[in-house]
Amino acid sequence: MDNVKANSELSECESAAGPSAAARDKTLLARLARPDIRLAGPVNDAMHEKFQGQVAALSGAGPFVIALTTLGGDPEVARAMAADLRLLRAAEGCRFIFFGKSAVYSAGVTFMAGFPVADRWLERDARLMIHERKLDKMVHFEGPLQGCLSIAKALAHEIQNGITIEREGFAALIEESPLTLDEVIAKAPQNWYLDAQEALALKLIGDVI
């Protein structure tokens, strides 16, 4: 399919009828079936490198479809990929559509939260999973107490910074949702799973395909 023609038709569909009607357009469905960027597997440095390579190969202002399937991974990598797209939007006016397929868990949701709500789409069988950030670290105290106290304070600062970043991500995720931040914070420790229709009803996404 010619990308320039497809991009033009996609823009016309969305401006005329909105995301839900556009999702029924055959041209758009073909674009979703052949996304511009395909990401699958753990969110890690390898995914980021692959992502950057695919982004570098794009031309024009889009809209570009980014398909993701992941069981989770490094939230800082997810934030870095979202930042890459945010800079391209600001500098070049690019538009990117997130298309979650099958599983969008943990760091995958962090990445999705970096998109405008209207540009977050899920395949109808997809699931989201939202949870708290986790820490896996062994701390060994040995030596003068002042030094031990400094280590303890540094760890406390690391944890607090992680909580702050986590809540910023939750706030971005629910920016157009009736959910409150306190509700998400309460649900996250138990691993909160949502299907595509539940996510749509809560206005966490713009459309289900």
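Residues numbered from 1 in each chain as written. Predicted model: local features only at pLDDT ≥ 70, side-chain atom pairs only at ≥ 80, totals over all residues. Heavy atoms only, no water.

Considering all chains together, one arrives at 6 aromatic pairs under this definition. Aromatic pair Phe 64 and Phe 96: ring centres 5.7 Å apart, planes at 35 degrees, arrangement tilted. Highlighted residues: Phe 64 in strand β2 (residues 64-70) and Phe 96 in strand β3 (residues 96-105), separated in sequence by 32 residues. Residue class for Phe 96 comes out buried when judged on its relative accessible area of 1%. Here the aromatic rings of Phe 98 and Phe 111 are separated by 6.0 Å at their centres, their planes lie at 70 degrees, and the arrangement is edge-to-face. Of this pair, Phe 98 sits in strand β3 while Phe 111 sits in helix α5 (residues 107-112); the two residues are 13 residues apart in sequence, bridging distant segments of the chain. The two residues Phe 98 and Phe 111 agree in class, both being buried. Among the aromatic residues, those joined into a ring-pair cluster are Phe 51, Phe 98, Phe 111 and Phe 115. A cation over a ring is seen here: Arg 89 above Phe 115, with NZ or CZ 5.4 Å from the ring centre. The aromatic ring of Trp 192 is capped on one face by Lys 187, whose charged end is 5.0 Å from the ring centroid. (Phe/Tyr/Trp six-rings, centres within 6.5 Å; stacked < 30°, edge-to-face > 60°. Helix = DSSP H or I, 4+ residues; strand = E, 2+ residues; numbered from the N terminus. Buried < 20%, exposed > 50% of the residue type's maximum accessible area, 1.4 Å probe, protein only. Lys NZ or Arg CZ within 6 Å of the ring centre and 35° of its normal.)

With that out of the way, let us pick up a nonpolar patch on the surface. On the surface, Leu 135, Ile 159 and Ile 163 cluster together into a nonpolar patch covering about 240 Å² of accessible area. Looking at the element boundaries, Leu 135 is found in the loop between β5 (127-130) and α6 (145-173). (Patch = residues over 30% accessible without salt bridge, like charges linked within 9 Å, V, L, I, M, F, W, Y side chains within 5 Å. Areas by Shrake-Rupley, 256 points an atom, 1.4 Å probe, with all protein chains shown as cover. Salt bridge = Lys/Arg side-chain N within 4 Å of Asp/Glu carboxyl O.)

For the rest of this paragraph, the subject is the confidence of the model for the protein. Mean pLDDT over the protein works out to 86, with 88% of the residues at or above the 70 mark. In the predicted structure, residues 1-19 sits below a pLDDT of 50 and forms 28 contacts with residues beyond four places in sequence or in another chain. (pLDDT = per-residue confidence, 0-100. Contact = heavy atoms within 4.5 Å.)

Counting 42 residues, the largest nonpolar core has Phe 51, Ile 66, Phe 111 and Leu 122 as the members making the most contacts within it. Per-element accounting of this core gives the leading share, 6 residues, to helix α4 (residues 75-92). Residue contacts for Phe 111: discarding those within four places in its chain leaves Phe 51, Ile 66, Leu 68, Ala 78, Met 81, Ala 82, Leu 85 and Phe 98. In this structure, Leu 32, Ala 67, Ile 97 and Phe 99 belong to the second largest nonpolar core, which totals 7 residues. (Core = buried A, V, L, I, M, F, W, Y, C linked by side-chain atoms within 4.5 Å.)

Here we come to helix α3 (residues 45-56). The end-to-end C-alpha distance of α3, which contains 12 residues, comes to 16 Å, matching closely the 16 Å that a straight helix rising 1.5 Å per residue would cover. Along α3, the residues that are buried comprise Met 47, His 48, Phe 51, Gln 54 and Val 55. Axial view of α3: buried residues confined to an arc of 130 degrees, hence all on one face. In α3, the exposed positions angled more than 90 degrees off the buried face are occupied by Asp 45, Ala 46, Glu 49 and Ala 56. (Expected span 1.5 Å × (residues − 1). Arc of directions from axis to C-beta.)

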